[in-house]
Amino acid sequence: MIILSTNMTFNINCIVLHAFMFNDSKMMVDVLSREEGRLSCVLNIGRSKAGRGRRQLFHPLSILELTLDRKAPGLLATVKDAHVAVAFANIPFDPYKLAISMFLAEFIANVTRSEKESEVLFDYISESLQWLDGARKDFSNFHLVFMMRLTRFVGFFPNLEDYSEGCAFDMQNGCFVDWAPQQRGFLTGDDATKMQTLMRMNYDNMRLFKMSHADRNRCLDVITDYYRLHVADFREMKSLSILRELFA
């Protein structure tokens, strides 16, 4: 009887979200790929200098081209080859940008755990990271804009049509309302205004929106609470406390 091999070799473009050693010679890597969405794979490091060099490619939010091998459907894929697809010139060496990228890697991993293939989502994240890498100044609101704009690609982009001064924001339904019942899940006053302001910001105009350190952290809380309501099993983020200390 002839047994046909089920090995499958395929290529992906991906953004590294998390990588960790699980024994002396192998690394587990979680990525968001353009072709297959979220994917976990194994990287054989070995003990050679070349193996250790391969490990350096897999920093959080690195954008890579991988050749993977999967022995059978449902099994973890193994990295056969890896190349840098987009080389960052600034993010790894700027402490502020590096802290932002570490937070966003954890945030994206949290939000996209069940994400399937999505070219527009992948391209949005990739292009955003390239914008951050090239920015020379005025990027202190980058993470806020990134998080709010990401809602368009994961299914709960807020509706701004009914905004008027003094209205409230319904966090569950993602829209502005004339009044808010006395219960959680509604933003009122300055917090409702912050949500409307955040939705007007983009990478090109965010420098025009001046925020204090306290304002920026409050916006971060508001956005995080919004995601908590819409993403199942949204996890607490370890890097959030570090991000709060930036741009004081």
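Check the entry above for the structure.
Residues numbered from 1 in each chain as written. Predicted model: local features only at pLDDT ≥ 70, side-chain atom pairs only at ≥ 80, totals over all residues. Heavy atoms only, no water.

Caption draft 1: The arrangement of the sheet that holds strand β3 (residues 37–44) in detail. Read around the closed barrel, the 5 strands follow the order β1-β2-β3-β5-β4; overall the barrel is mixed. Across the sheet, the mean angle separating the axes of adjacent strands is 50° when strand polarity is ignored. Sheet analysis places strand β2 (residues 26–33) next to β3, joined by 8 bridges and oriented antiparallel. Bridging across to β3, serine 33 finds its partner in glycine 37. (Pairing = 2+ DSSP bridges. Helix = DSSP H or I, 4+ residues; strand = E, 2+ residues; numbered from the N terminus. Axes fitted to C-alpha atoms, helices over the stretch in contact; angles between N-to-C directions.)

Caption draft 2: A look at the pattern of salt bridges. Overall, the coordinates contain 7 salt bridges when judged by the stated rule. The partner of glutamate 36 in a salt bridge is arginine 70, and the shortest N-O contact between them spans 3.5 Å. Taken together, the residues span a long stretch of sequence, with glutamate 36 in the loop between β2 and β3 and arginine 70 in strand β4 (residues 63–70) at a distance of 34 residues. Look at arginine 70 and you get buried, because its relative accessible area is 13%. Aspartate 225 serves as the salt-bridge partner of arginine 228, at 2.7 Å between the closest nitrogen and oxygen. On the criterion of helical spacing, the pair formed by arginine 228 and aspartate 225 is a turn pair, its members being 3 residues apart in helix α6 (residues 213–230). Residue arginine 228 is classed as partly exposed on the basis of its relative accessible area, which comes to 31%. Put simply, Arg34, Glu119 and Asp123 are held in one network by salt bridges that share partners. (Salt bridge = Lys/Arg side-chain N within 4 Å of Asp/Glu carboxyl O. Buried < 20%, exposed > 50% of the residue type's maximum accessible area, 1.4 Å probe, protein only.)

Caption draft 3: Region of the structure containing unusual backbone geometry. The phi dihedral of aspartate 138 falls on the positive side, at around 55°, and the residue is not glycine. Judged by its relative accessible area of 38%, aspartate 138 is partly exposed. In the Ramachandran plot, aspartate 233 falls in the positive-phi region, its phi being about 55° despite a non-glycine side chain. Residue placement: aspartate 233 occurs in the loop between α6 and α7 (240–244). We classify aspartate 233 as exposed; its relative accessible area is 65%.

Caption draft 4: Spatial organisation of the pairing of β2. Among the 8 residues in β2, 7 count as buried, and that is most of the element. As defined by bridge partners, strand β1 (residues 8–21) adjoins β2 across 7 bridges and the pair is classed as antiparallel. Among the inter-strand pairings, methionine 21 is bridged to a residue of β2, identified as methionine 27. What sits between β1 and β2 in their antiparallel hairpin is a turn of 4 residues. Counting the residues that bridge the hairpin from β2 to β3 gives 3 residues.

Caption draft 5: Up close: the environment of aspartate 204. By the element assignment, aspartate 204 lies in the loop between α5 (189–200) and α6. Residues aspartate 204 and glutamine 183, 21 residues apart in the sequence, show an inter-C-alpha distance of 36 Å.

Caption draft 6: Representation of the layout of surface pockets. If you add up the space inside the largest pocket, you get close to 380 Å³. What lines the largest pocket is a set of 16 residues, and nearest its centre among them are Leu17, His18, Ala105, Glu106 and Ala109. Looking at the lining of the largest pocket, the elements that each hand over two or more residues are β1 and α2 (95–111). Here the lining of the largest pocket is composed, by residue class, of 6 nonpolar, 3 polar and 7 charged. For the second largest pocket, the calculated volume is near 330 Å³. What lines the second largest pocket is a set of 18 residues, and nearest its centre among them are His59, Pro60, Ser62, Phe88 and Pro92. Sort the elements by how many residues they give to the lining of the second largest pocket and α2 lands first, with 3 residues. A breakdown of the residues in the lining of the second largest pocket according to their chemical character gives 14 nonpolar, 4 polar and no charged. (1 Å grid on protein atoms, 1.4 Å probe; cavity = no way out; pocket = protein on both sides within 12 Å on 5 of 7 lines; lining within 4 Å. Points joined across faces, edges and corners; volume = space filled by probe spheres on them. Nonpolar A, V, L, I, M, F, W, Y, C, P; charged D, E, K, R; others polar.)

Caption draft 7: Structural context of the sheet that holds strand β8 (residues 186–187). The 3 strands lie next to each other as β7-β6-β8, forming an open sheet whose pairing is antiparallel. If you trace the sheet from one side to the other, it starts and ends with β7 (175–177) and β8, each paired once. By the bridge criterion, 2 bridges tie strand β6 (residues 168–170) to β8 in an arrangement that is antiparallel. Considered in β8, the bridge of phenylalanine 169 is made with leucine 187.

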